[in-house]
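Fold and contact review
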Amino acid sequence: MNEITRRPAVGAVGTGQVSIDPRWLELYAQRVDEAAEELTRARAELREAPLRTQSFGELGRTLRSAEAYGRAAGMLNQQLDRACEVLTSAAKGLHDVAEHYGAQDDDAVALIKNADRR
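Described below are features of the structure shown in this document. (Residues numbered from 1 in each chain as written. Predicted model: local features only at pLDDT ≥ 70, side-chain atom pairs only at ≥ 80, totals over all residues. Heavy atoms only, no water.)

1. Points about the overall build of the chain
- Of regular secondary structure, the chain possesses four helices and two strands.
- The order of helices and strands in the chain, counted from the N terminus, is α-β-β-α-α-α.
- The buried share among the 118 residues of the chain stands at 17%.
- Taking the intrachain contacts of the chain between residues at least 6 apart in sequence as the baseline, contacts between residues at least 24 apart amount to 61%.
- Counting every atom, the chain has about 9000 Å² of accessible surface; 54% of that belongs to carbon and sulfur. (Helix = DSSP H or I, 4+ residues; strand = E, 2+ residues; numbered from the N terminus. Buried < 20%, exposed > 50% of the residue type's maximum accessible area, 1.4 Å probe, protein only. Contact = heavy atoms within 4.5 Å. Areas by Shrake-Rupley, 256 points an atom, 1.4 Å probe, with all protein chains shown as cover.)

Dropping the structure here:
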């Protein structure tokens, strides 16, 4: 089991307090990035070699299978486009959140170090 599935990114610390683990969020953002890239590559491969009308033969031409497939493929391609957009956006948002909370941790460490020097 990896670090991402074992530890939650957000946890309750005490009354009204929340703890954020920026490292966990960054690792999760990387996984979402990888999924978006993989889905984008798959989409490109699907578009490189679409089924042609001839693929359905004479019976397919008679039954208009190519047209039905074309409509279904168009709808699925739209959904695939949206999935790629959503995953990419989610990854960016997770990276931004991880960076924000990581910067807060860095600021807190700097304040503690400055206080120790006094």
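On we go from here.
2. Some details on the environment of Gln-30
- Within the secondary structure layout, Gln-30 lies in helix 2 (residues 22-48).
- Take Gln-30: its relative accessible area is 33%, and that puts it in the partly exposed class.
- For the pair Gln-30 and Leu-94, spaced 64 residues apart in sequence, the C-alpha to C-alpha distance is 8.8 Å.

3. Focus: the nonpolar core
- Grouped together as the largest cluster of nonpolar side chains are seven residues: Trp-24, Leu-25, Ala-29, Val-32, Ala-91, Leu-94 and Ala-98.
- When contributions to this core are tallied by element, the ones reaching two or more residues are helix 2 and helix 4 (65-117).
- Among the elements that make up this core, the one with the highest residue count is helix 2 (four residues).
- Once residues within four sequence positions are removed from consideration, Val-32 is found in contact with Leu-87, Ala-90, Ala-91 and Leu-94. (Core = buried A, V, L, I, M, F, W, Y, C linked by side-chain atoms within 4.5 Å.)

4. A word on helix 2
- Between its terminal C-alpha atoms helix 2 stretches 39 Å, which fits the 39 Å expected from 27 residues at 1.5 Å a residue.
- Residues of helix 2 that are buried: Pro-22, Trp-24, Leu-25, Leu-27, Ala-29, Val-32, Ala-36 and Arg-43.
- Its side-chain oxygen at 3.2 Å from the backbone nitrogen of Arg-23, Asp-21 defines the N-terminal cap of helix 2. (Expected span 1.5 Å × (residues − 1). Polar contact = N/O pair within 3.5 Å; in protein donor to acceptor, adjacent residues only side chain to side chain.)

5. Section: unusual backbone geometry
- For Arg-64, which is not glycine, the phi torsion reads 60° and is therefore positive.
- Counting through the fold element by element, Arg-64 comes out in the loop between helix 3 (57-63) and helix 4.

6. Brief notes about the side chain of Arg-43
- Examined against the element boundaries, Arg-43 turns out to sit in helix 2.
- Among the polar contacts listed, one links the side chain of Arg-43 to the side chain of Asp-81, at a separation of 3.0 Å.
- Discounting residues that sit within four places of it in the chain, Arg-43 has contacts with Leu-80, Asp-81 and Cys-84.

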